[in-house]
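What the coordinates show
Listed here are the chains, written in short residue letters.
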Amino acid sequence: MTYEAAIQLIKQKQSLGVQPGLSRMLAAMEKTGSVQNKLQVIHVAGTNGKGTVCAAVADGLRRAGYRVGVFSSPWVTDFREQITVDGRMIPKQDFADCVEVFAKEPLTEFELITAVMYLYFYRCGVDYAVVECGMGGAGDCTNVLALPTVCAFTKVALDHTAFLGDTVEAIAREKSGIIKPGCPVVLYPHIAAKDVFLEQCRALHCPVTEAAQQGDPIADDLAVAGEVLRLLGVDTAPGLPMLPARREHFGENLLLDGAHNPDGAAALLLHLPTDRPINAVLAMMEDKDIDGYLCQVLPRCRRVIATTVPGMGRALSAEDLAAAAQKYCPDVTAEPNPHRALAAAKADGDFILICGSFYLAREIRKDLI
């Protein structure tokens, strides 16, 4: 199988959407000898900050001399960036070879990518695999592990409520489903619905460490990573990872951020200039808490250009997003083409914020590099 054929197969899987249950993944992995259970896996779940924690843990492990695989999503610059070993993306032919192993399995898109990840990390002989859950926990397809080495939890908040539940407690219960008997657990500082996690840990006799609060969401994520490294016997302070579309700066005048929920908006506010006018290029998916995001970010903006993401069925139209945005900023226009929206935002010479969706970041980042 060629890389192009592998990508085409994955695109065909997109029509399957999200399907609950682990039976398909378990059956597919059994055909490999359940290689996921032969890996030392740091399993990371939560609502916000998972990518930061995964990258920080991996960086600390690499600096300690370990060979480390990282599975993290969504991708922004290259599809293969979701699966890396020692900071290098899975080679195209290796990706295709692993996809071919599972080509006849009835897996969804994310299930197939997850299966490829576990198989590739096993073939690479990584010392540790740092694996980010998708949106869930108990029912997440990454959760086919008999016993993770460590389970870590980032901040928990309302998101993906159609799948995970409409209360923080329900979401925490789903996330805590990755905990396995006796597995060490690291919790985000003062994590929401902490009693849910503690109850699960007590039931499964798991030692629990709560990271110390630092007072800043990024610092708190790094505190979680630091506790994970400590449990692994690594005496290395985790560094701040530079990830695409996570408060990513392009020079002094442009910030790209893919956060799309109210908690992500709150974290973004800490990184916006307070002494300069801001022009925002904004897109959002229709199934997000749009008002909860806009009410925090847009009052800081002088001007908003609402746009949409081509070919993304869940994307809110530029016109509908502009109508929602007008409650929080007096100068709002709609421009359906995100590239033209960016050009319009640049015309004033103000600070530019591109925000609201990783899909928008993926579409527009190629204009910036």
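Overview of the structure. (Residues numbered from 1 in each chain as written. Predicted model: local features only at pLDDT ≥ 70, side-chain atom pairs only at ≥ 80, totals over all residues. Heavy atoms only, no water.)

1. Some points on the sheet that holds strand β12 (residues 303-306)
Worth spelling out the cut-off: By definition, two strands form a pair when at least two bridges between them are found by DSSP. Think of it this way: any DSSP run of H or I at least four residues long counts as a helix, any run of E at least two long counts as a strand, and we number them from the N terminus.
The six strands lie next to each other as β9-β10-β14-β11-β12-β13, forming an open sheet whose pairing is mixed. Bordering the open sheet on either side are β9 (248-249) and β13 (332-334), each of which pairs with just one other strand.

2. Re unusual backbone geometry
Put simply, the rule is: To sort residues, take the accessible area from a 1.4 Å probe on protein chains only and compare it with the maximum for the residue type: under 20% means buried, over 50% means exposed, and anything in between is partly exposed.
With an omega of 0°, the peptide bond running from Ser73 to Pro74 counts as cis. Examined against the element boundaries, Pro74 turns out to sit in the loop between β2 (68-71) and β3 (83-85). You will see that His205, though not glycine, has its phi angle at about 55°, which is positive. Topologically, His205 is positioned in the loop between α8 (194-203) and β8 (208-210). Taking the relative accessible area as the measure of exposure, His205 reaches 68% and is therefore exposed. Phi angles above zero are rare outside glycine, and Arg247 is one such case at about 50°. Take Arg247: it is sitting in the loop between α9 (217-231) and β9. Taking the relative accessible area as the measure of exposure, Arg247 reaches 16% and is therefore buried.

3. Observations concerning the sheet that holds strand β1 (residues 41-45)
Pairing in this open sheet of eight strands is mixed, and the strands run β4-β3-β2-β5-β1-β6-β7-β8 from one edge to the other. Each end of this open sheet is capped by a strand with a single partner; those strands are β4 (88-89) and β8. Where strand β7 (residues 185-187) and β8 come together, three bridges link them in parallel fashion. By the bridge assignment for β8, Leu187 is matched with Glu210.

4. Some remarks on the packing of helix α4 (residues 92-101) against helix α5 (residues 109-124)
Where we set the bar: Axis angles are defined between N-to-C directions and span 0 to 180 degrees, where every axis is a line fitted to C-alpha atoms and, for a helix, only to the segment in contact. A crossing counts as left-handed when the near helix is turned anticlockwise from the far one by less than a right angle, and as right-handed when that turn is clockwise. Contact between two residues is taken to exist if any of their heavy atoms lie within 4.5 Å; hydrogens are not considered.
At a minimum axis distance of 9 Å, the contact between α4 and α5 shows a crossing angle of 115°. In terms of crossing hand, the pair formed by α4 and α5 is right-handed. Here Asp94, Phe95, Asp97, Cys98, Val99 and Val101 of α4 come into contact with α5, specifically with Leu112, Val116, Leu119, Tyr120 and Arg123.

5. Some details on the packing of aromatic side chains
Two numbers describe a pair of aromatic rings. These are the distance of the centres and the angle of the planes. The cut-off we apply is this: In summary, the pairing rule links any two rings of Phe, Tyr or Trp, Trp by its six-membered ring, whose centres are within 6.5 Å, and it sorts them by plane angle into stacked for under 30 degrees, edge-to-face for over 60 and tilted for everything else.
Summed over all chains, the structure comprises seven aromatic pairs. Seen from their ring centres, Phe79 and Phe95 are 5.9 Å apart, and the 85° between their planes marks the pair as edge-to-face. With Phe79 in the loop between β2 and β3 and Phe95 in helix α4, this pair connects stretches of sequence that are 16 residues apart. Take Phe79 and Phe95: they sit in the same class, and that class is buried. Here the aromatic residues Tyr3, Trp75, Phe79 and Phe95 are joined through ring pairs into a cluster of three or more.

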